[in-house]
Amino acid sequence: MKVKVIPVLEDNYMYLVIEEHTREAVAVDVAVPKRARPLPGALCTRAWRPNTGSHLDHLHLPNSHPFQLLEIVGREGVSLTTVLTTHHHWDHARGNTELARLLPGLVVLGADERICALTRRLVHGEELRFGAIHVRCLLTPGHTSGHMSYFLWEDECLDPPAVFSGDALSVAGCGSRLETTAQQMYHSLVETLGTLPPETVFCGHEHTLGNLEFAQKVEPCNNHVKAKLSWAKKRDEDDVPMVPSTLGEELLYNPFLRVAEEPVRKFTGKVAPAEVLEVLCRERASFERAAEPLQPQAQALLALQWGLLSMPRPK
């Protein structure tokens, strides 16, 4: 199982998962396809997975244009048959419509009817198969009510399993709780994702540095947080993607998975896990607002760049 990590937009990731025997490919979270996030350096750098002979590729895509994903598919010589969408937000799903137009017969899957170009709605616990790759669909409400994470593994393969967590779980953090209760979000994070095998996590955004700075505020004496933050600062200076993580590591420094730990409870002043999580979400939102907020004019400019707004027509 080969995973292509594709930075897009301001801080999103989408992924191309390749079954190397059948050459079938599955895309995860096809965001706005018109612009990839410009990163310096070579077009493609390779990072070896620990203890295996396999690899994943981090793609650096300067000067992207429509439709960059199909260029990658063509370069890899694979057949893109399916899109797995974690949730309906535009920065994870808006590319589905154009991709479906360019690839007749493309299957677009997800758990929310609001997903662009949805072909079939998935349910929790459903299993899919692409060649030797198995996919278990895990409903993880919290960020949105219809958020689905995807747990993948491959038959007779040394590659570790991987979960594509979208905005449910990120490196050292999680997505904002927008549509569900704190109890539902706790169940998604701790009981659904937190009990998976302690291996690879591919998330939907590059928020690692900010997440770790907040984690340090929550647990200033946590040496795992300090070490990961030092690592992240170096990666940030080099403009290198910080995915993937592993669930085993996340349990050591991600406060949203550590709601039962005494230092996290002390920070929130709560004991019940869902209440701890609710305070963490509120405190994290305040922490983010304190860091240079994006001005409305800048937001509009980014939306224009990504094709969400159109220039007014001259009269």
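Reading guide: rules and limits
Residues numbered from 1 in each chain as written. Predicted model: local features only at pLDDT ≥ 70, side-chain atom pairs only at ≥ 80, totals over all residues. Heavy atoms only, no water. Helix = DSSP H or I, 4+ residues; strand = E, 2+ residues; numbered from the N terminus. Expected span 1.5 Å × (residues − 1). Buried < 20%, exposed > 50% of the residue type's maximum accessible area, 1.4 Å probe, protein only. Arc of directions from axis to C-beta. Contact = heavy atoms within 4.5 Å. Polar contact = N/O pair within 3.5 Å; in protein donor to acceptor, adjacent residues only side chain to side chain. Axes fitted to C-alpha atoms, helices over the stretch in contact; angles between N-to-C directions. Parallel < 35°, antiparallel > 145°, perpendicular 65-115°, else oblique. Pairing = 2+ DSSP bridges.

Participant: Talk me through helix 6 (residues 223-237); I want residue IDs and the actual numbers.
Facilitator: An ideal rise of 1.5 Å per residue puts 21 Å on 15 residues; helix 6 measures up with 21 Å between its terminal C-alpha atoms. Among the residues of helix 6, V225, K228, L229 and A232 are the ones counted as buried. In an axial view of helix 6, the angular spread of the buried residues amounts to 105 degrees, which keeps them on one side of the axis. Exposed positions of helix 6 whose direction lies more than 90 degrees from the buried face are N223 and E237. On its buried face, helix 6 sits against helix 5 (208-218) and helix 7 (247-253). Put simply, N222 is the residue that caps the front of helix 6, since its side-chain oxygen is 2.8 Å from the backbone nitrogen of H224. Positioned one or two residues after helix 6, D239 has a phi angle of 55 degrees, which is positive.

Participant: Describe in detail the packing of helix 4 (residues 182-193) against helix 9 (residues 273-290), supporting the description with residues and values.
Facilitator: Packing of helix 4 against helix 9 brings their axes to within 8 Å, and their N-to-C directions diverge by 100 degrees. Taken together, helix 4 and helix 9 sit at an angle that is classed as roughly perpendicular. Facing A182, Q183, M185, Y186 and L189 of helix 4, the residues of helix 9 in contact are P273, A274, L277, E278 and C281.

Participant: Residues and numbers for the sheet that holds strand 14 (residues 245-246), please.
Facilitator: Paired through their backbone hydrogen bonds, the strands of a sheet run either parallel or antiparallel. If you trace the 6 strands from one edge of the open sheet to the other, you get 9-10-11-12-13-14, paired in mixed fashion. Strands with a single pairing partner mark the edges of an open sheet, and in this sheet they are strand 9 (127-130) and strand 14. For strand 11 (residues 148-154) and strand 12 (residues 162-166), the ladder comprises 3 bridges, and the chain directions are antiparallel. Residue pairing in the sheet places L152 in a bridge with A162 of strand 12.

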